Each structure stands twice: as structure tokens, then as C-alpha cells.
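The residues making up each chain are set out below.
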Amino acid sequence: MKTGLIVCLLASFAEAAVGDWRTMTNAAEIRSLVGADSILWAASNGGVLRISPASGKITKFTNTEGLAQIDVSSAAVASSGAVWAVLPDGLLQIYDPKTGEWDKYHEFQNRLRIFTIYPFQDIALVGADMGVAELRLDAKQRWERSWKAEIGAVKRLAVAVGYIWAAQEDGLRRIPIDFPNKQIPSAWEKLTVLQGLPAGEITALLPAEGGLYVGAQAGLAFFDGVTWRRIDVDGAEVRDLAEWQGTICFASENGVYARKNNAYCRLGGGISNLTALVAAADGTLWAGTSDAGFYIYRPQDGSWQHFIPDGPGSNLFSDLLIDRDGCLWAASSKRQTGGVYYFDGKRWHNFFQRSGLAHYDYRTLAEDPFGRIWAGSWGGGVTLFEKVARDSVVFTNLRDMNGGLSGIPGYPNYVVVTKILPDAEGRLWFLNYEAADRFVLRVFDLDRDWQMWSTLEGIRSTKVVDLAIDPHGRKWIATEDYGVSVLDDNKTPFDKSDDDLTGYLAVEDGLESNAIRAIACDLDGTMWIGTLMGLHYWFGGKVGIRYNVINDNILSLFVDPRNNKWIGTGGGLSVLDADNYNWTHYSTSTSPLTADVVTCFALNDATGEMYIGTTNGLSILETPFTRPAANLEAVYGYPNPFIIDQPGARFYIDRLAVNSSVRIFTTDGYLIRTIPQSQVLGARVAWDGKNDQGEDVADGIYIFLVTTREGAVKAGKVALIRR
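What comes next is a walk through the structure. Remember, it's a predicted structure, so these values are computed and weren't measured experimentally. (Residues numbered from 1 in each chain as written. Predicted model: local features only at pLDDT ≥ 70, side-chain atom pairs only at ≥ 80, totals over all residues. Heavy atoms only, no water.)

## Quick word on the packing of aromatic side chains
Here the structure, examined in full by the defined rule, presents 45 aromatic pairs. On the basis of an interplanar angle of 40° and a centroid distance of 6.3 Å, the ring pair of Phe558 and Phe601 is categorised as tilted. Of this pair, Phe558 sits in strand 50 (residues 554-559) while Phe601 sits in strand 54 (residues 598-604), and the two are 43 residues apart along the sequence. Ring geometry for Tyr636 against Tyr638: centres 5.2 Å apart, planes inclined by 25°, an arrangement best described as stacked. A relative accessible area of 33% means that Tyr636 is categorised as partly exposed. Given the relative accessible area of 23%, Tyr638 is considered partly exposed. An aromatic cluster of three or more residues is present, and its members are Trp329, Tyr342, Phe351, Phe385 and Phe395. Taking NZ or CZ as reference, Arg354 lies 4.3 Å from the ring centre of Phe352, over its face. (Phe/Tyr/Trp six-rings, centres within 6.5 Å; stacked < 30°, edge-to-face > 60°. Helix = DSSP H or I, 4+ residues; strand = E, 2+ residues; numbered from the N terminus. Buried < 20%, exposed > 50% of the residue type's maximum accessible area, 1.4 Å probe, protein only. Lys NZ or Arg CZ within 6 Å of the ring centre and 35° of its normal.)

## What to know about the pairing of strand 44 (residues 484-488)
Among the five residues of strand 44, four are classified as buried, and the element is accordingly described as predominantly covered. Two elements, strand 43 (residues 475-479) and strand 44, share four bridges in a ladder whose sense is antiparallel. Note that in strand 44 the partner of Ile477 across the bridge is Ser485. Hairpin remark: strand 43 followed by strand 44, antiparallel, with four residues in the connecting loop; positive phi at Gly483, about 70°. Pairing geometry for strand 44 and strand 45 (residues 500-505), over four bridges, is antiparallel. Across the sheet, the residue bridging to Ser485 is Tyr504, located in strand 45. (Pairing = 2+ DSSP bridges.)

## As for the nonpolar core
By size, the foremost hydrophobic cluster in this structure holds 22 residues, and its most contacted members are Phe642, Ile653, Leu656, Val662, Trp687, Tyr702 and Val706. When residues of this core are traced back to their parent elements, those giving at least two are strand 58 (642-644), strand 59 (651-654), strand 60 (660-666), strand 61 (671-675), strand 62 (684-687), strand 63 (700-708) and strand 64 (713-722). Counting residues per element, this core draws most heavily on strand 63, at three residues. Sequence-distant contacts of Ile653, defined by excluding residues within four places in its chain, comprise Val635, Tyr636, Gly637, Val662, Ala683, Arg684, Val685, Phe704 and Val706. Ile94, Ile117, Ala128 and Met130 belong to the second largest nonpolar core, which has 19 residues in total. (Core = buried A, V, L, I, M, F, W, Y, C linked by side-chain atoms within 4.5 Å. Contact = heavy atoms within 4.5 Å.)

Rendered as C-alpha cells:
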């Protein structure tokens, strides 16, 4: 089975209900890799991966599957089958495969940096920046620390030949496993190159062949319980060690080496950026990398197969877009692995600079009337994406679009596009940041005609970062340093004779700061302005400030079909209701949000899924905020029959129009449930099988009746069955 592992990444995306969260992550940065029986476990930048090499099944654990956060520094497996995960803030988590739940050990959280954990029999040894600690289960089966030895930073641990071994930058420390006072630092014997260790920081420990293999930045050594023996590996850096098919292997800077006839030879071709190595029960050898997932070596092939867990190209998002097919697009500015990512509903297709993109740093996405996706970058201009099929995409680097865009001063080929925005007529508006010709606002009508406006005509800065169009067709241009400029082109952008570029908003008009990060227009025509120092609004010629945002550093703004305002900040997410009065706040400490720095949004208005881009992962929140239908002609209910066999079962009435309300009756006309217009927050409502008193209704046939304030009516039937 050579391809099963590539296509079998399982996402835990069961049917979700309003209020449920999901997480999508990149998991290509492998921090550690361990095996237990027939299963491999990997710690990554996108969670913990459970891998079955034999079946090809991969399960990803993220913050919505029990982890406290998605970034995992290290993982280890105990003899009981429990899995330990080390998080960057010092939190330890323990997964019980019998219950499927993750427990937490908090003692070191926000106090120590934990590098590694080493389960051994009924204890767990912890390597941290201060030294070593031992955890044991108490009488109530709770983990408690039994001792701590402050011997300096320990990055690897092992138990072999009667000793606990601790790897450090300048050598090894060891102490007998049965020594009674391990907390005494002087009791730990120090070993260096003088005792036979290889030079440099100790990077790998492997109990094997009745002794201990020790890998370092400049070599390999073996301790047989009595003496040390240096092993000739030509000064190679040993990054990890594994015992595979009766021999010792190590990962180095340019590949994996295996011992053969008392010499180490490279397996297969060269592979780079290796971080971890483990042998699987099916005879394969797995190598983890710092940026490209896994390589799998099969002896029968004699070569490495590359495998990246399905996910976006990185966990840093700068823009999101749902296209007309309901598919998700994402832009990323992460160095090297940034680019444009496309999720077709089943798997991700990631486009990078190394695969042909003009740059790695993309900032904005837009869809034109033909369904093509336009992506603007910081330095590479514009790239155009077109679908050949739902699961196939091609792209063209348009760069400066044949001179339609300008490079920055002194670098004509370095074209920065911070925003692309379609208008109601299908034209595309571009913000050309720091354009050398000072024409920072441009419009393209897809017939290859351009119009443009410069700072000499009234735009207050070349550092343009966001753009919004209000119901009157005015263009609101957000700048990094001089507030907001407003262009009124009288809806005739290719006739500049009637333009007005005198409008602007700045500190003197009531803004707290001229450093604007985001701007958006809501359904009432109110302009919302996000600055470094808070959230503002403009309506009727006046500027106001809205307090109670979760954080004043506003990074992104989005208005949904219900006119809720979604505000991404440097400290979490706030949602302001359509009434502009009620707030809801989300952060990593109060919700499954993947990170507190919220950079972008996209809503699938057919399903209510809100995609929330952050600097460390993609969160999806199920909302009721679907786009209302034009009328009630297409109203329908599902599932039918409505079988209630578990908590949370719901019957959905979908494709509702604006101002809809729903009533549910028995077949003899008795009203049992009313869902008023105020509770219909989008195009769909849910019924839980209860009456207005919160009591379960009996099995049977029920009538649902949808009406609007304008007098439209639509009815349907549903069979309710309880099991």
C-alpha cells in the first residue's frame, strides 16, 4: 500500500450544530515522533497526529478535540498506552485511549519551558529549562511531582543500564534510577567528551542493544554499561535515533543513515530538515521534518516517499474567501510556506513560491464575476487562479498586470497589493501600496481598461491598507498613517471630471489614531473603522467610538447577513449584534479559538459557517447567520423523518426569507411551538422536538408553518420518531 497514507487523513468534521467549533491546521512541522505497538504519534505545529501505517488512517487532535492549544512541542507514549503531549507554555496533557479524553497537568504551566517527557514504568520524567522532574500517580490516580533536580536545561531523557540520563548542551548527566535523593544537583554525575561523548550539544538518546546510544551535533557514541565507544559517522550531526530492522539509524542534516557492516550508509536519496525518526511495526521507517511533514522508507522500494498531512499550507492567515461554489480560499504571508491555499471541501490544494507563485507573501483575495480568484501579494503583484474542476486549479502570475500596477520607489518589479475589492458592477479595485507613481487606488474593468487616483489628487498617504465601498458607491481608503480618505466618483469611475476626493477622517475628526488597520460598511450604511487604539464608526457625518471591544488593537472587520459586526483584534474576537448594543467575546481562554490574534474572516452564508483566520490556525464557528432567501418558495425541512436518538438532535427549516417566523402544530391544529422573527437569525432555524414549555413532544406527524411580516406563507410536514 503506497498511496493510502496520502489520501486517508481523517477530519473529525461530523455534522455540527450552531455554536460548535472546528479547527483546521497545518501539521507539516514535526517536532517529535514516537511509536507504540502498531501506532505512531507525532507532535506538530498543528496538533497531535495518531498514525496507523497499516491502515493509512490518520487522526488529528487539535484544540477542538481536547488539546488546550494546537502547537505541541513534544509527545511520548507510556507502556499503558497513555500519550503525553508537551505544550509550549509548560502545560502537560495526557490522552487516555480508552476514554478518548485529554487530561491536564498544570504545575509547570507559564512557569517552566518543557522540552521533553519520558514515561518509564509508573513514572514520567520531565526535561525542562531548569532541569529534571519526576511525576507519579497518587492514590487517587492523579499525577503529582515527587522530586525536582535543578541541574540546568535538559532537552532529552532516557532510562538505560540502571541510570536516568539527561541530555544537555555541554554533555550528559546521569544518576542511578534507585538513588534516594535525586533532587540534589550534585548527585548527578556529569559526562563530557573527556569520558568519551561526541562533541557538541547532546541531541538524541536511544536505549538499545543493552546499552545507550548518544547522538550529538558532531557524532555518535555507545555506552555498554561499562565503557564508552565513539562511532565513526564522519562528524555528522545526529538529530534523532531509531532502532529499525535490527540495526541503528540516525537522522542527520542531509538524510537518514543506517548501520551496515559496521559502517553507516545513507538510506535512499538525500532528504533535509529532519527532526525525528521512528520505526513502524509494518517495517517502514518514518522521518519527520521541520517544514514538510514526513518521509517514509520502504525497504522493498529502497526510496523515500514524501507525505504531508492534509491541511492548509501554514497556520498564519492574512485573508479568507468563500467562492461561489462554497469552497474556501486562504492567503498567507508566512515566510517560505506562505502563498494561496484552496480547500475544495475534501482536501487542501496549497500553492507556494516554490511551486511557481510570484511571492510567498499574499495579503488579499477577491472573486470576479467569472468565478476567478485574484490574489494580491506583498512584492509579487497579482496572481490569478482559475478552476479547471472543483479539485483542480491553475494559476497565472500577472505581477504588475502589464503596467496597470506600479512597484515601490526604486524597485519597479516589487509590486505590493494590499486589497482587491469587487464592486457591484464587477469591476476590481486595487490598493497599490507605496506605488512609485503615487497612484495608490486603481480600478480595472476586466476589459483591460484602468483608471487610477493618486496622493496628488487627495489620497492622504501611499500606505493604503484596506478599502470599503458604501451604498452610495463611495470608496473609503484606510491608510497606515493618515486616517481615511474618501473618493466619491459619482459611480462613474472612468469619468474623473465629477470626482470628489476632499473627504477624509483623522484624529481631528474624532479618531483615536490615524493608524487604520481595517474598514467595513454595515447593512445600514454605517462605516466601521478599526485602528490601533480602538473601534470607531461614522454615520450621518459624525465619528463615534465603540467601547467594550475585547482588545483595542483592531486588525480585521466583517459584517454578516444579519448585520452583526465581527471584530478581530490582537487579543481575541468580539461580535457586536445587529442592534449595535449586545456584545459577545471569544478568546483562547474562553473558547476554542486557535489564537488571540484574529486577522481575517469569511462566511459561508449558505451554511452559516464562519471561518476565522488567526496567526496560529483556522477556526470554524457554526452560526445561524445564513443569507435569507428572496421568498419562501424553496422552504424545506430536514431530516425527515426527524429521528431523535441522541442529545442534540435537531430538525432544520431552511431557506427562510427576511422577516420570517415559524410555528409548529399537531395535525389537529394545536400550536405547540413558536419561533418568533427575533429568533430567526438567518435563513435557517432548528427545532429540538420540544414544545414552548420545554417538554418533549410525542411521536407523530407535525406541521410547520412559515410566515413573513409581508404576508407570505409556506407549510410542510415532518414525522418525529423517538428512539
